[in-house]
Amino acid sequence: MCGIAGMIDLAGARPVPPGMLARMADAIVHRGPDEDGYLEEPGIGLANRRLSIVGLLDGKQPIWNEDRSVVTVFNGEFFDYPEVKARLEARGHVFRTHCDTEIIPYLWEDHQEKMLEHLKGQFAVALWDRRRDVVVLARDRFGICPLYFAVQDDWLLFGSEIKAILASGMIDAKPDLRGIDQAFNFFSVPGPATCFAGITLVQPGQMLRIDRAAIRGGTRATIEKKYYWRIDFPDQGQEVDGDAKTLVDEFDRVLLGAVERRLRADVPVVSYLSGGIDSSIVVAMAAKIRGTPIPTFTIQIMDPKLDETTQAAVVSRHIGSTPIVEQVGDAEVLQSYPELTRAAEAPVIDTSCTALLRLARSVHRHGYKVALTGEGSDEWLAGYPWYKIHRLLGAFDWLPG
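Summarised in this report is the structure supplied together with it. (Residues numbered from 1 in each chain as written. Predicted model: local features only at pLDDT ≥ 70, side-chain atom pairs only at ≥ 80, totals over all residues. Heavy atoms only, no water.)

## A closer look at the pattern of salt bridges
Overall, the coordinates contain 27 salt bridges when judged by the stated rule. Residue Arg131 pairs with Asp67 through a salt bridge whose shortest N-O separation is 2.6 Å. Here Arg131, found in the loop between β6 (121-129) and β7 (134-139), pairs with Asp67, found in the loop between β4 (63-64) and β5 (70-78); they are 64 residues apart in sequence, far enough to count as distant. Taken together, the shared-partner salt bridges in this structure form one network comprising Arg31, Glu161, Lys163 and Glu345. (Salt bridge = Lys/Arg side-chain N within 4 Å of Asp/Glu carboxyl O. Helix = DSSP H or I, 4+ residues; strand = E, 2+ residues; numbered from the N terminus.)

## Some thoughts on a negative patch on the surface
Taken together, the side chains of Asp232, Asp235, Glu239 and Asp241 define an acidic patch exposed on the protein surface. Of note, Glu239 is situated in the loop between β12 (222-227) and α6 (244-262). (Patch = residues over 30% accessible without salt bridge, like charges linked within 9 Å, V, L, I, M, F, W, Y side chains within 5 Å. Areas by Shrake-Rupley, 256 points an atom, 1.4 Å probe, with all protein chains shown as cover. Lys, Arg positive; Asp, Glu negative; His and termini not counted. Charge placed at Lys NZ, Arg CZ, Asp CG, Glu CD.)

## Some details on the packing of aromatic side chains
Scanning the model with the defined rule gives five aromatic pairs in all. Both rings, one in Phe78 and one in Phe123, keep their centres 5.7 Å apart while their planes meet at 50 degrees; by these two values the pair is tilted. Pair noted here: Phe78 is in strand β5 and Phe123 is in strand β6, with a separation of 45 residues, a long-range link. The exposure class of Phe78 is buried, given its relative accessible area of 3%. Looking at Arg230, its charged tip hangs above the ring of Tyr227, at a distance of 3.9 Å from the centre. Over the ring of Phe79 we find Arg262, and its NZ or CZ is 4.1 Å from the ring centre. (Phe/Tyr/Trp six-rings, centres within 6.5 Å; stacked < 30°, edge-to-face > 60°. Buried < 20%, exposed > 50% of the residue type's maximum accessible area, 1.4 Å probe, protein only. Lys NZ or Arg CZ within 6 Å of the ring centre and 35° of its normal.)

## Overview of the side chain of Ser362
On the secondary structure map, Ser362 appears in helix α10 (residues 353-365). Every residue in contact with Ser362, bar those within four places of it in the chain, is listed here: Phe297, Ile324 and Glu326. (Contact = heavy atoms within 4.5 Å.)

## Side note on a nonpolar patch on the surface
Residues Phe142, Ile144, Ile231, Phe233, Phe251, Trp380 and Leu381 make up a contiguous nonpolar surface patch of roughly 790 Å² in combined accessible area. Positionally, Leu381 belongs in the loop between α11 (377-380) and α12 (385-393). On the basis of relative accessible area, Leu381 is assigned to the exposed category, the value being 56%.

## Some thoughts on the pairing of strand β14 (residues 296-301)
On a regular strand, one side chain projects to one face of the sheet and the next to the other, so that they alternate. Most of β14 sits inside the fold, with five of its six residues counted as buried. Here two bridges tie strand β13 (residues 269-272) to β14, and the two strands are oriented parallel to one another. Across the sheet, the residue bridging to Tyr272 is Phe297, located in β14. Note on the crossover from β14 through helix α8 (residues 309-319) to strand β15 (residues 324-328): the handedness is right-handed. (Pairing = 2+ DSSP bridges. Right-handed = clockwise from strand over helix to strand, strands pointing away.)

By themselves these figures say nothing about function.
Listed below in structure tokens is the structure:
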């Protein structure tokens, strides 16, 4: 987890107000305590707070291409970075760092906006093409890394968190009832509205193209929003077919490859472990790939009906790991709620977020930066019980109203 922030003049080449970028970056220092970096030029400012995972010694951002015509700040990780780097070097690009961020300006040189089709991983990116005077903001396909923006006084402000935008002092913290309504209807704020008036969430798989070249003709910069990727489920009858063994073997191959790529880091990697199928499989695969046990972190819910530490212990013994257990009860939920709300920048309805907060804090306290999880599997594989309830209720759709 890193953090990015910045501001773009939509009407000219005004200087970035003194101290503003630093305030925006300081507001998200918790995302990147290792390093900070800034670019300030007439009409544009970029900032980065870095959590060093790959290229620990030479990955300071912003990062430029060879002739310094393209510059980027980036939050996230590209899991196929070694393979992409090799292809770019074969095309003549010369890398000066060991950091995955550097593939961004070179991919832009080669592909322009189609660069996003070549980025595999989780990311929020801000890129400035100085020659064309075009700025691109983009978010990964599933929205793992957050990215927000606002427009005020002909400045476009952006940041990995709403806190960064508010820290500019140009946007007042006022409620947006649309975002608050989403929080209590959907238990989340999927966007594009947020709980703060005037601040918009960039959607998963979406990019913003800010064309400042129009300013030279005496007009305001244009902002184009478009999706470079959207999720597409097959219609009934178009699903992938085959015998069970073939499908299971292919699923195993794909999942094993995904875990292997996420183990690529210049720091140790650990894993959350709940004892459920999803995190258990991830932990077992990681241990198989590494050939050694992977450290595991487990939450113990203090309600016996919800305590899964027994199941987690079975998996830990299987791979030869000793789990680090963090306890959570009613008192911890109440104590953590203000902090959760501040972190989520919206009302938190699901109190299980307390467990995730304490789990992440435990990982940090033990000196680790990267943790694998089983997050997302229930969504993709329809594992949540309410999916089954929804399907049953669907039988009543033929009734009028």
